[in-house]
Every structure is written in structure tokens, then in C-alpha cells.
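Spelled out, the chains give:
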Amino acid sequence: MAEPSSSSNVPTVIIRDAVTADLPAIIDIYNAAIASRTATAQLEPVTLESRKEWLNQHSPNEYPFWVLEMNGTVAGWLTFKSFLPRCAYRGTAELSVYVHEKFRRRGVARRLLEQAIARSPELGITALVGLIFAHNEPSIGLFSELGFTRWGLLPGVARVEEVERDLTIVGRHV
């Protein structure tokens, strides 16, 4: 999964399975996303203690949890998770992707999503979905650029800071 670079001007980028030692960085990235109110319906910051089992719920061979490192720093992460618990949906996975504020607009989310699309067939995944707040135009745009289309809209299903938010469902077959 690694994409090392050969030039000192180009950052060394590695996508790998997340490990327990990555949790502080993963949680920092997620808590920043919570505070932004644009990328998650989680409204309260999470703690290391509350997320210890989170990483263990992911299997590298079924629903992976990856981090992307740039020059040894966790710049972003992506998870696959079961879309719905019924067995007829077992080939569909929901993707979540988050990027550290300092690494935004540097291709981190794109690389993680491209890797997810490329590796989905070997994971037995035939469809990918993303659940994105409708006002999160950068995320919707990125998913669109990677071949995801709008599969649905759930109007006003989230309430964030007393504002109703629409949820856009995007998807693509792989």
C-alpha cells in the first residue's frame, strides 16, 4: 500500500492499516472535524478511552481502517464499515474519510478514496457509499470527481447547533 517518493521535495506518502499507536492522531483529526460542524453528526469530542475498541472493530480483510502518513505524520484516515446489518447488503460498505487541518487540499482524502475504490473488489465490496452533510461541498465535490453520484437525500435529518442539516447519500459501484 505504500507510495514512497524518490525526491526530497515530494513528501513520502504511505497508506497502511491503522494501529493502536495511531489513535491519538486519529482522535485529534476527528475532534477537529467535530468542532467544524461540517463533516460528522458527532457533536461532542471523543476521548482515547471511548475509542479504544473502535479500532478493533475493523478487520484489514473485511472492513479496514487505514491511515495516510505524510513524512511520518498521520495526515488523514479512512474507514470502511458495514452499510446495514442485513446480509443482502454485505457487498456494500460505507466510507468515512477525515483529514488533518494542516494537510487539507494536498490530496490526502483523494489518495485514501482512490485506494478504497481500487481495493474494494479484493475485500468483496461491490458498492461504496458515503453519507455527507449537503453543505459539505468540498467532500461532495471530491466524491463526485471519483465517480460517486448522488443516490439520495435525507432532508433535515440532523440537527447541528439548532440548524437542520440535510444528508446527501453518494455511491458508486466498483
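Criteria and cut-off values
- All residue numbers refer to position in the chain's written sequence, counted from 1.
- Whole-chain, interface and lining totals are the exception, using all residues; otherwise, since this is a predicted model, local features are given only for residues with pLDDT of at least 70 and side-chain atom pairs are given and counted only at 80 or more.
- Only hydrogens and water are set aside when side-chain values are computed; all heavy atoms of the structure are taken into account.
- For helices the rule is a DSSP run of H or I covering at least 4 residues; for strands it is a run of E covering at least 2, with both sets numbered from the N terminus onward.
- Two things to know: the radius of gyration comes from C-alpha atoms, and the globule rule equals 2.2 Å times the number of residues to the power 0.38.
- Exposure categories follow from relative accessible area, calculated using a 1.4 Å probe and restricted to protein chains: below 20% of the type maximum is buried, above 50% is exposed, and the middle band is partly exposed.
- Only four residue types enter the charge count: Lys and Arg as positive, Asp and Glu as negative, with His and the chain ends excluded.
- Positions of charges follow a simple convention, taking NZ of Lys, CZ of Arg, CG of Asp or CD of Glu.
- Two N or O atoms form a polar contact when they lie within 3.5 Å of each other; inside protein one atom must be a possible hydrogen donor and the other a possible acceptor, and for residues adjacent in sequence the pair counts only when both atoms belong to side chains.
- Contacts are assigned to residue pairs that have any heavy atoms within 4.5 Å of one another.

S.K.: Got a sec to walk through the overall build of the protein chain? Specific residues and values, please.
M.R.: Scanning the protein chain from N- to C-terminus turns up four helices and eight strands. Along the protein chain, helices and strands appear, N-terminal first, in the series β-β-α-α-β-β-β-α-β-α-β-β. A compact globule built from 174 residues should have a C-alpha radius of gyration of about 16 Å, and the protein chain, at 16 Å, falls within 12% of that. C-alpha extents for the protein chain along the principal axes are approximately 45 × 35 × 30 Å. Scored against the burial criterion, the 174 residues of the protein chain give a buried share of 42%. Averaging the locations of the 18 positively and 19 negatively charged side chains of the protein chain gives two centres separated by 3 Å.

S.K.: Lay out the side chain of Ser120 in plain terms, naming residues and giving numbers.
M.R.: Considering the arrangement of structural elements, one finds Ser120 in the loop between helix 3 (108-119) and strand 6 (127-133). Given the relative accessible area of 0%, Ser120 is considered buried. Engagement of the side chain of Ser120 in a polar contact is seen with the backbone oxygen of Ala116, the distance being 2.6 Å. Excluding its chain neighbours within four sequence positions, the residues that come into contact with Ser120 are Phe80, Ile125, Leu128 and Val174.

S.K.: A description of the environment of Ala25 should follow, citing residues and the corresponding values.
M.R.: Relative to the helices and strands, Ala25 is located in helix 1 (residues 23-36). Given the relative accessible area of 26%, Ala25 is considered partly exposed. Each C-alpha atom, one on Ala25 and one on His135, is 26 Å from the other, the two residues being 110 residues apart in sequence.

S.K.: Could you give me a rundown of unusual backbone geometry, with the residues and numbers involved?
M.R.: Its identity is not glycine, yet Glu161 carries a phi of approximately 55 degrees, on the positive side. Tracing the chain through its elements places Glu161 in the loop between strand 7 (149-160) and strand 8 (163-173). The class for Glu161 is exposed, based on a relative accessible area of 55%. Of note, Glu162 is a non-glycine position whose phi angle comes to about 65 degrees, a positive value.

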